[in-house]
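A look at the structure
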Amino acid sequence: MLKGKHILLGITGSIAAYKAAVLCRLLKTAGADVQVVMTPLAKQFITPLTMATLSKNPILVEFFNPENGAWNSHVALGEWADCYLIAPATANTLAKMAHGIADNLLLTTYLSSRAPVVVAPAMDLDMFAHATTQRNLSELRQTGVHVIEPEDGELASGLSGKGRMAEPSQIVAFVDALLEEKKKNLQGKRFIVTAGATIEAIDPVRFISNHSSGKMGYAIAGELAERGADVLLVTGRTALPTPTGVTRCDILSAEEMHRAVVEAFDSADGAVMCAAVADYTPEHCADRKLKKNDDDLVIRLRRTKDIAAELGSRKGDRILVGFALETDDEEAHAREKLERKHFDFIVLNSLRDTGAGFRGDTNKVTFIDAAGSEALPLLSKREVARRIADKIEGLIQK
Ligand code: PMT
């Protein structure tokens, strides 16, 4: 897959820069054309001579050549690249990327490139775990940057923990999979995906809701669209950008989500029910802000319609995928929902698993169907979305 691909390899000032030599070698062996851009500090860790010899291209560090004034165009570099791979990526470079700081050639190229960007962080465990680094990584993920998680192990500092750059072979495999042309196996299929939290109004000011960010559902909608499906994303309120090629329908309440989904279901080939829908809504929504007094307040709630169950009762040969978010007795609860709502399979995530469920960029899920269950490791929500799409394709081909 990497044969003939243009890989722009960015190297920053980390002790893990020595691995960039192996990385470059592996990319070249796989048939890629590699150009290397380094931060000035990276030259202290690995020499331009080594990288130029391995990549068979001159190394770019400065904005222009001081000898003859020739400009190293970040724009041209960005346009040339099929993928911009920054490995190792230091906490400093990640912070600058997240904030649009462009004080070296590697960073100006990041801002001007339209190619997919992959970063492989490398740093000490505390730097990696620091809330600021995690916030920067989360922002980068939200702008579409692919992050290859560092590994747990011995670090240059002598400490041990999460921060070692992933192995070069793993990084190459990741880039290879990323650049693989997605086969349009879902061309001509119409899918509804629900995402995010519903909002049930108590009065014009207050509401009942939950912690769903929409990230899991948006990743699924994007993945199905990349595989050629015509996707309607029925979404609660989020700040996420609409995935490319997806039609978006914004709703607030469970009632609005019910209306939008039921209306679209007749002409759909399937639905993935990822939204966290309120099971109860206030019986009445006050038309003015409720005034407090010294008494407790009782709000009477009534059941909302179960959208998935309704689709299940008239699914025909459509594909229906459910989610189950549990906190205890997980598999039994999920299996009960699988059967009652007539899902083809259900994606179980448990709040007892670290890194699973609401808001984060990762999830740990188990696929459950009539035949059995398959537990997946902790993966990015993008990767979980890929696995769900693979399973849907499998069902269609049956
Ligand atoms: O959005 P993120 O922050 O990325 O978080 C993702 C997630 C945790 C919200 C997601 O992975 C997830 O688990 N979504 C389902 C949450 C949920 O409400 O599960 P449930 O067990 O209560 O519902 C079971 C199924 O019925 C779900 O498919 C749900 O969409 C559907 N349902 C539930 C109630 C209702 N009134 N109508 C429905 O369609």
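No experiment lies behind these values; they were computed from the predicted model shown.

A surface patch of nonpolar side chains, about 440 Å² in accessible area, is lined by Y280, L290, L297, I299 and L301. In this structure, Y280 sits in strand β14 (residues 280–282).

If you check the shell around the ligand, you find 29 residues, and the closest are S212, S213, K337, N349 and R359. A distance of 2.6 Å is found between an oxygen atom of the ligand and a side-chain nitrogen or oxygen belonging to S213. The separation between an oxygen atom of the ligand and a polar main-chain atom of K215 is 3.4 Å. The fraction of the free accessible surface of the ligand (790 Å²) that becomes covered by protein chains is 96%. With respect to the pocket detection grid, the ligand is positioned in the second largest pocket. Breaking the shell around the ligand down by element, the ones donating at least two residues are α9 (215–226), α11 (307–313) and β16 (319–326). Grouping the amino acids of the shell around the ligand by side-chain chemistry returns 13 nonpolar, eight polar and eight charged.

Counted by the stated rule, this structure contains one aromatic pair. Aromatic pair F345 and F367: ring centres 5.6 Å apart, planes at 65 degrees, arrangement edge-to-face. Taken together, the residues F345 in strand β17 (residues 345–350) and F367 in strand β19 (residues 365–369) connect sequence positions 22 residues apart. The class of F345 is buried, set by a relative accessible area of 1%.

For the rest of this paragraph, the subject is the pairing of β19. Counting buried positions over the five residues of β19 gives five, a clear majority of the element. The two faces of β19 match: V365, F367 and D369 on one face and T366 and I368 on the other face are all buried. Relative to β19, β17 is paired through four bridges, and the arrangement is antiparallel. Residue pairing in the sheet places V347 in a bridge with F367 of β19. As paired elements, β19 and strand β20 (residues 372–375) share four bridges and run antiparallel to each other. Among the inter-strand pairings, I368 is bridged to a residue of β20, identified as S373. Hairpin remark: β19 followed by β20, antiparallel, with two residues in the connecting loop.

The contact between helix α1 (residues 18–29) and helix α8 (residues 168–179) brings their axes to 9 Å, and the two run at 45 degrees. Judged on the interaxial angle alone, α8 and α1 are oblique. Crossing of α1 over α8 shows right-handed handedness. Contact residues: α1 offers K19, V22, L23, L26 and L27, while α8 offers P168, S169, I171 and V172. For the contact of α1 with α8, the class distribution of residues is seven nonpolar, one polar and one charged.

The subject of this paragraph is the domain arrangement of the protein chain. Split into domains, the protein chain comes out as domain 1 (6–179) and domain 2 (190–396). Computed from C-alpha atoms alone, the centre-to-centre distance between domain 1 and domain 2 is 36 Å. Counting from both sides, the interface comprises five residues of domain 1 and, opposite them, four residues of domain 2. Interface area lost by domain 1 to domain 2 is led by R141, Q142 and H146, which between them contribute 71%. At the junction of domain 1 and domain 2, the tally comes to one salt bridge. Residue R141 is joined to D361 by a salt bridge in which the shortest nitrogen-to-oxygen separation is 3.4 Å. Applying the counting rule to domain 1 against domain 2 returns one residue pair in polar contact (both at pLDDT 80 or more). The greatest single-element share of the side of domain 1 that touches domain 2, amounting to three residues, is contributed by helix α7 (residues 131–142). Here the residues of the side of domain 1 that touches domain 2 sort into no nonpolar, four polar and one charged.

In space, the five strands of this open sheet follow the order β2-β1-β3-β4-β5, with parallel pairing throughout. The open sheet has two edge strands with one neighbour each: β2 (33–38) and β5 (146–147). Bridge count for strand β4 (residues 117–121) against β5 is two bridges, and the pairing is parallel. Residue pairing for β5: V118 is matched across the bridge by H146.

Let's shift gears to the side chain of H74. Mapped onto the secondary structure, H74 falls in helix α3 (residues 74–80). Taking the relative accessible area as the measure of exposure, H74 reaches 18% and is therefore buried. When residues no more than four places from it in sequence are discounted, the contact partners of H74 are L105, T108, T109 and S112.

Before going further, it helps to examine the pattern of salt bridges. Counted by the stated rule, this structure contains 26 salt bridges. The partner of E223 in a salt bridge is R227, and the shortest N-O contact between them spans 2.8 Å. R227 shares its class with E223; the two are buried. With a shortest N-O distance of 2.6 Å, E336 and R340 are connected by a salt bridge. One end of the pair, E336, and the other, R340, are both in helix α12 (residues 330–340), four residues apart, so they sit about a helical turn from each other. Judged by relative accessible area, E336 falls into the partly exposed class, the value being 39%. Sharing partners across several salt bridges, the network here consists of R141, E149, K162, K215 and D361.

Analysis parameters
Residues numbered from 1 in each chain as written. Predicted model: local features only at pLDDT ≥ 70, side-chain atom pairs only at ≥ 80, totals over all residues. Heavy atoms only, no water. Patch = residues over 30% accessible without salt bridge, like charges linked within 9 Å, V, L, I, M, F, W, Y side chains within 5 Å. Areas by Shrake-Rupley, 256 points an atom, 1.4 Å probe, with all protein chains shown as cover. Salt bridge = Lys/Arg side-chain N within 4 Å of Asp/Glu carboxyl O. Helix = DSSP H or I, 4+ residues; strand = E, 2+ residues; numbered from the N terminus. Near = heavy atom within 4 Å. Polar contact = N/O pair within 3.5 Å; in protein donor to acceptor, adjacent residues only side chain to side chain. 1 Å grid on protein atoms, 1.4 Å probe; cavity = no way out; pocket = protein on both sides within 12 Å on 5 of 7 lines; lining within 4 Å. Sits in = over half its atoms within 2 Å of the grid points. Nonpolar A, V, L, I, M, F, W, Y, C, P; charged D, E, K, R; others polar. Phe/Tyr/Trp six-rings, centres within 6.5 Å; stacked < 30°, edge-to-face > 60°. Buried < 20%, exposed > 50% of the residue type's maximum accessible area, 1.4 Å probe, protein only. Pairing = 2+ DSSP bridges. Axes fitted to C-alpha atoms, helices over the stretch in contact; angles between N-to-C directions. Parallel < 35°, antiparallel > 145°, perpendicular 65-115°, else oblique. Left-handed = near helix turned anticlockwise from the far one by under 90°. Contact = heavy atoms within 4.5 Å. Domains from an automatic or database assignment. Buried area = accessible area lost by both parts, 1.4 Å probe.

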